[in-house]
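Overview (structure and organization)
Single-letter residue listing:
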Amino acid sequence: MTQLPSAEDDVFEFKSSGTPFDALKKKLSCAVSGFANSGGGYFIVGVDANGKADGGLSLNVGKQDLRDWADQVINQVEPVPRYDIKLIYDSIGQGAIQSDSAVLVVGIHESYAGPHMAPDNHYYIRAGAHTVKAKHFIVDAIWAKRHFSKPRLTHQFRLKPGKEEAIQLGILALTDSPAVDAKIVVSPLPQMIQHCESLFPLQISVIDRNNPFFFDVTTYFKAEERFGEDIYLEVEYCDLAGNFYAYKSKIEVTGSVPPISIGNDNPAKMVKALESINKALFQLATSRESAAKPSLILSKPLESVFIDIEKLIPELLAEIKNDLFEHPFARELILMPKGAAYNGDPNNLVLEYYFENHPWLRSKMRILENYALIYEITYNTTPRFVITEELAAYLISSQTK
């Protein structure tokens, strides 16, 4: 009891001792679904909102034992996740538990077999301190997680690091879920390891992304001859839930490893190649300075021009006006969607305007271009413009009027 938090969260859900068993049955089944679909957690009955015992549940539900009753409710969730049930009889000073009563603790393990459906034919997840129905896209994501959470293994040959005259066979994980209690069989054994027959099947406790397993199987010299033909690899393993899997494949060393390197000239060649690539990319890259259009010498607009554009695009001009009031030295602006990210130059202030805020934004900018109040300097996929001094002066001065 002393280990309970003082409030519900995404891992703990509390129910009071006064919750009717009919209601408790539904809440428990939904919570089991929710916790199993959301990484696991604890459903605790017989405590108040602060996690302190408030009397406890009767040890019998009608003629049924409390633990059996909870078992029966949990097993109505499909598929049934791994779980533990514990009855606490001593509150250890955290509230009070009556005689012939107990606090019911149901621990639901993180599941790799979701989504889990409650008896009401709905799927649930934990959202903060609440159990809520999962939307369709969440259920689809849990289905996808179910596939990728299964441990999937494959094999790979490589030159032994630091000793490239030897070739190793490796067993690697394709997914984040670990493969446990793996048994590796190679049949028939390659010539180089035939004397190690008593060691097979090799037994490896865990194979995951961070812990692949490699072992020597032949030499680079006469690799095909010494490795042999019609060699099969079989790996049997389990997931964390104890489910059984097997991977079996015919393996051939020919063409599976890169050419052996001799000497230390490879790093120098790699550096030279990277320098060549970098040079080519530099030549292809279009810089801002080379692509930006030069400033044009434009005729000074008439006063009536500003009156016209105020009528045509008042909202856009108002926003530019406010931005120039805050940043009077800004002269460049870009157009972009709200979800886009812009990595600007800290030494060059650029104003940003969003398509979502101004319908037909590109066309409105064309109006300003037609009146020679801005000019375009786009050099990539982001529309970019320069504000003329005449437009800037007009907007800034109109702020002070």
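Structural data are supplied above this passage.
Conventions used here
- Residues numbered from 1 in each chain as written.
- Predicted model: local features only at pLDDT ≥ 70, side-chain atom pairs only at ≥ 80, totals over all residues.
- Heavy atoms only, no water.
- Helix = DSSP H or I, 4+ residues; strand = E, 2+ residues; numbered from the N terminus.
- Buried < 20%, exposed > 50% of the residue type's maximum accessible area, 1.4 Å probe, protein only.
- Contact = heavy atoms within 4.5 Å.
- Areas by Shrake-Rupley, 256 points an atom, 1.4 Å probe, with all protein chains shown as cover.
- Patch = residues over 30% accessible without salt bridge, like charges linked within 9 Å, V, L, I, M, F, W, Y side chains within 5 Å.
- Salt bridge = Lys/Arg side-chain N within 4 Å of Asp/Glu carboxyl O.
- Lys, Arg positive; Asp, Glu negative; His and termini not counted.
- Charge placed at Lys NZ, Arg CZ, Asp CG, Glu CD.
- Pairing = 2+ DSSP bridges.
- Axes fitted to C-alpha atoms, helices over the stretch in contact; angles between N-to-C directions.
- Parallel < 35°, antiparallel > 145°, perpendicular 65-115°, else oblique.
- Nonpolar A, V, L, I, M, F, W, Y, C, P; charged D, E, K, R; others polar.
- Left-handed = near helix turned anticlockwise from the far one by under 90°.
- Core = buried A, V, L, I, M, F, W, Y, C linked by side-chain atoms within 4.5 Å.

1. A word on the overall build of the protein chain
A count of helical and extended segments in the protein chain gives ten helices and 22 strands. Burial statistics for the protein chain: of 401 residues in total, 38% are counted as buried. Considering only intrachain contacts with a sequence separation of at least 6, the fraction spanning at least 24 residues in the protein chain is 64%. Total accessible area computed for the protein chain in this model is approximately 23300 Å², and 53% of it derives from carbon and sulfur atoms.

2. A look at the environment of Ile377
Of note, Ile377 is situated in the loop between β21 (374-376) and β22 (384-387). Classification of Ile377 as buried rests on a relative accessible area of 3%. When the C-alpha atoms of Ile377 and Ile334 are compared, they prove to be 9.8 Å apart, with 43 residues separating the residues in sequence.

3. Quick word on a negative patch on the surface
A contiguous patch of negative charge on the surface is contributed by Glu224, Glu225, Glu229 and Glu252. Residue placement: Glu229 occurs in the loop between α4 (223-227) and β17 (231-238). For Glu229, a relative accessible area of 64% corresponds to the exposed category.

4. Things to note about the sheet that holds strand β13 (residues 166-173)
Across a sheet, paired strands are connected by hydrogen bonds in the backbone, their directions being either parallel or antiparallel. The strand order across the open sheet built from three strands is β12-β13-β16, with neighbouring strands paired in antiparallel fashion. The sheet terminates laterally at β12 (153-159) and β16 (213-219), the two strands that pair on one side only. Between one strand axis and the next, the sheet turns through 25° on average, direction left out of account.

5. Here we look at the packing of helix α7 (residues 303-312) against helix α8 (residues 314-326)
For the pair α7 and α8, the least separation of the axes is 5 Å and the interaxial angle reads 110°. Compared by their axis directions, α7 and α8 come out roughly perpendicular. Facing Ile309, Glu310, Lys311 and Leu312 of α7, the residues of α8 in contact are Pro314, Leu317 and Lys321. Taken together, the residues of the contact of α7 with α8 sort by class into four nonpolar, no polar and three charged.

6. Quick look at the sheet that holds strand β14 (residues 179-187)
Ordered by their spatial adjacency, four strands build an open sheet running β15-β14-β17-β18, and the pairing between neighbours is antiparallel. Edge positions in the sheet fall to β15 (202-207) and β18 (244-251), since each of these pairs with one other strand and no more. Taking the axes of each pair of neighbouring strands and ignoring which way they run, one obtains an average angle of 20° across the sheet.

7. Examining the packing of helix α1 (residues 21-36) against helix α2 (residues 66-74)
One can describe the packing of α1 onto α2 by two numbers: an axis separation of 9 Å at closest approach and a directional angle of 50°. In terms of orientation, α1 lies oblique with respect to α2. Every pair of crossing elements has a handedness; the one defined by α1 and α2 is right-handed. Facing Phe21, Leu24, Lys25, Leu28, Ser29 and Val32 of α1, the residues of α2 in contact are Leu66, Trp69, Ala70, Val73 and Ile74. Counted by class, the contact of α1 with α2 contains nine nonpolar, one polar and one charged residues.

8. A word on the nonpolar core
With 31 residues, the main nonpolar core has Phe157, Phe215, Leu233 and Val235 as its most contacted residues. In this structure, Leu361, Leu373, Ile387 and Leu391 belong to the second largest nonpolar core, which totals 24 residues.

9. Digging into the environment of Gly228
Within the secondary structure, Gly228 is located in the loop between α4 and β17. The exposure class assigned to Gly228 is partly exposed, which follows from its relative accessible area of 29%. Sequence separation between Gly228 and Leu189 is 39 residues, and the spatial gap between their C-alpha atoms is 8.6 Å.

10. Quick word on the pattern of salt bridges
The tally for this structure, following the rule as stated, stands at ten salt bridges. Among the salt bridges present, the one from Lys250 reaches Asp230, with a minimum N-O distance of 3.0 Å. One end of the pair, Lys250, is in strand β18; the other, Asp230, is in the loop between α4 and β17, and 20 residues separate them in sequence. On the accessibility criterion, Asp230 (45% relative accessible area) is partly exposed. For Glu376, the salt bridge goes to Arg362, with nearest N and O atoms at 3.2 Å. Placement of Glu376 in strand β21 and of Arg362 in helix α9 (residues 361-370) is noted, with a sequence separation of 14 residues between them.

None of this, on its own, says anything about what the molecule does.
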